[in-house]
Amino acid sequence: YGGMGLDFSYNIAVAEELGNIRCAGVPMAIGVQTGMATPALTRFGSHELKKQFLVPTIAGDFVACLGVSEAGAGSDVANIKTTAVRKGDEYVINGGKMWITSGSQADWMCLLANTSEGPPHQNKSLICLPMNLPGIHVAKKIDKLGMRSSDTAQIFFEDVRVPCKNLIGEEGMGFTYQMLQFQEERLWGAASVIIPLEIVIQETIDYTRQRKVFGQPVLHNQTVHFRLAELATEVELLRSLVHRAVALYVEGNDVTKFASMAKLKAGRLTREVTDSCLQFWGGMGFTSEVLVSRLYRDLRLISIGGGTDETMLSIICKYMEILPRK
């Protein structure tokens, strides 16, 4: 379908290298294209669907977005309300999606919708939805704290008709497919922050070496250089966790627990590193002129998007069987 036929570890290598871009919005947009909106289509979609949607997406001719989150259902995927009712050979879609990355420019959406009245984990399906159909309304481009180079949209669906052949895989399997997509999305997210954090630490070392306070460089204070050494160690540990999870995933293992751990650690570490380093920049860190302040804003999303820290903790607890079963 136009790809290179490489395993997922190459995807993660790309995610890491994109960290050299001096913002997080551009890598995130690429990550949606390669690791969030297309994995289910690649694994479970029909040949016809792949020709129609995957081929131009891989070629870069189509922009893809992922339609899961709603105003009342972010991390709580089972609680989405958007419906896709089968009528003849079409689905009629009603509802809305919120916080959709690339939503205002996407050519198609990997849409998660309720296709039956059954249990919430068994009544959902993934559908390839062209974004130029009648009844699709991009309500607004959301003004955000960070990731400002990436467009995020609120979208409504009003009696949108799409052919049933646009269903990815089996009807009712959408929740399961989306949980599998989340493994790749979360590993991508964790991998994408490694190099930015290393760059922030190195630039903080360089700045505090030349910035003098009370007659000596800020870096010469033990509390400063010890803290930077601690942060560098934490980033290296994150890299090791990501690489272990990816190696297991490539071998065909379920890495939900490790992907959740990596996503949790990445979210918390981005907050810790950017906050600590920004403090060492003093007043300059509070300006928009330096990378640390941009990443302070941009990377705050890691603890929220793709499943909050609290959701990751719940998943980890489930896999560790440390909570009573209901």
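- Within an unreviewed UniProt entry, the label attached to the protein reads IVD dehydrogenase, and the organism entered is Cnemophilus loriae.
- Quoted straight from UniProt, the Cofactor (unreviewed entry) entry for the protein says "FAD".

1. Digging into the pattern of salt bridges
So, point 1. Applying the stated criterion across every chain, the model contains 14 salt bridges.
So, point 2. Where Arg-148 meets Asp-143, a salt bridge forms, and the shortest distance between an N and an O atom there is 3.0 Å.
So, point 3. Relative accessible area serves as the criterion here: at 53%, Arg-148 is assigned to the exposed category.

2. Considerations on the domain arrangement of the protein
So, point 1. When the domains of the protein are assigned, the result is domain 1 (41–170) and domain 2 (176–320).
So, point 2. With centres defined by C-alpha atoms, the gap from domain 1 to domain 2 works out at 30 Å.
So, point 3. Contacts between domain 1 and domain 2 engage 16 residues on the former and 15 residues on the latter.
So, point 4. Taken together, both faces of the contact between domain 1 and domain 2 bury some 1,300 Å²; the carbon and sulfur share is 64%.
So, point 5. In this assembly, domain 1 and domain 2 are joined by 0 salt bridges.
So, point 6. Where domain 1 packs against domain 2, one counts 5 residue pairs in polar contact (both at pLDDT 80 or more).
So, point 7. Broken down by secondary-structure element, the contributors of at least two residues to the side of domain 1 that touches domain 2 are helix H3 (39–44) and strand S4 (108–114).

Cut-offs and rules
Residues numbered from 1 in each chain as written. Predicted model: local features only at pLDDT ≥ 70, side-chain atom pairs only at ≥ 80, totals over all residues. Heavy atoms only, no water. UniProt positions renumbered as here; feature names shortened; annotations may be inferred. Salt bridge = Lys/Arg side-chain N within 4 Å of Asp/Glu carboxyl O. Buried < 20%, exposed > 50% of the residue type's maximum accessible area, 1.4 Å probe, protein only. Domains from an automatic or database assignment. Contact = heavy atoms within 4.5 Å. Buried area = accessible area lost by both parts, 1.4 Å probe. Polar contact = N/O pair within 3.5 Å; in protein donor to acceptor, adjacent residues only side chain to side chain. Helix = DSSP H or I, 4+ residues; strand = E, 2+ residues; numbered from the N terminus.

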